[in-house]
Amino acid sequence: PSDLLPLALGRCGYEEGSDGKMLSVLTNPDVVAWMVMEHGWTVESVLLAVANARPQVNALIDTGALVTGLSNLQVAQFLLRVPACAAWCEGVVFL
């Protein structure tokens, strides 16, 4: 968690156990998957792999900051232009 909140919101109140729950979910192989990218991958090839993944990907957490050079909006627009993703995805939320 982070205390980087606007001053008007005051201090962040952390729920006990939240970090542990989050780590438990994000390290559970029934929930999280990974894929090896070919040598010479690009931002576009990563996004295409996500958009075309089977089973469908419900979240992209870019912990390594691989998706560079595009805004969050541009990434969302890119994903929704890929037919395989657009066929089932009704929207994209980015935080």
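Residues numbered from 1 in each chain as written. Predicted model: local features only at pLDDT ≥ 70, side-chain atom pairs only at ≥ 80, totals over all residues. Heavy atoms only, no water.

Together, Met22, Leu23, Val25, Leu26, Val31, Val32 and Ile61 make up an exposed nonpolar region whose accessible area comes to about 620 Å². Looking at the secondary structure, you find valine 25 in helix H1 (residues 18-26). What makes valine 25 partly exposed here is its relative accessible area of 42%. (Patch = residues over 30% accessible without salt bridge, like charges linked within 9 Å, V, L, I, M, F, W, Y side chains within 5 Å. Areas by Shrake-Rupley, 256 points an atom, 1.4 Å probe, with all protein chains shown as cover. Salt bridge = Lys/Arg side-chain N within 4 Å of Asp/Glu carboxyl O. Helix = DSSP H or I, 4+ residues; strand = E, 2+ residues; numbered from the N terminus. Buried < 20%, exposed > 50% of the residue type's maximum accessible area, 1.4 Å probe, protein only.)

Before going further, it helps to examine helix H2 (residues 43-52). Within H2, the full set of buried residues consists of Val43, Val46, Leu47, Ala49, Val50 and Ala51. Where the residues of H2 are buried, they touch helix H3 (72-81) and helix H4 (83-86). (Contact = heavy atoms within 4.5 Å.)

Turning our attention to H3. Looking at H3, one finds that the buried residues are Val75, Ala76, Phe78 and Leu79. Buried residues of H3 fall within an arc of 160 degrees about the axis and therefore sit on the same side. At its buried positions, H3 is contacted by H2 and H4. (Arc of directions from axis to C-beta.)

What the rule picks out here adds up to zero disulfides. Of all cysteine sulfurs in the structure, the one in cysteine 89 sits closest to cysteine 85, which takes part in no disulfide; the separation is 4.5 Å. (Disulfide = S-S within 2.5 Å.)

Here we take up the nonpolar core. The biggest cluster of nonpolar side chains holds 11 residues, and these are Val43, Leu47, Val50, Ala51, Val67, Val75, Phe78, Leu79, Val82, Cys85 and Cys89. Taken together, the elements giving at least two residues each to this core come down to H2 and H3. Among the elements that make up this core, the one with the highest residue count is H2 (four residues). Leaving out residues up to four positions away in the same chain, cysteine 85 has contacts with Ala51 and Leu79. (Core = buried A, V, L, I, M, F, W, Y, C linked by side-chain atoms within 4.5 Å.)

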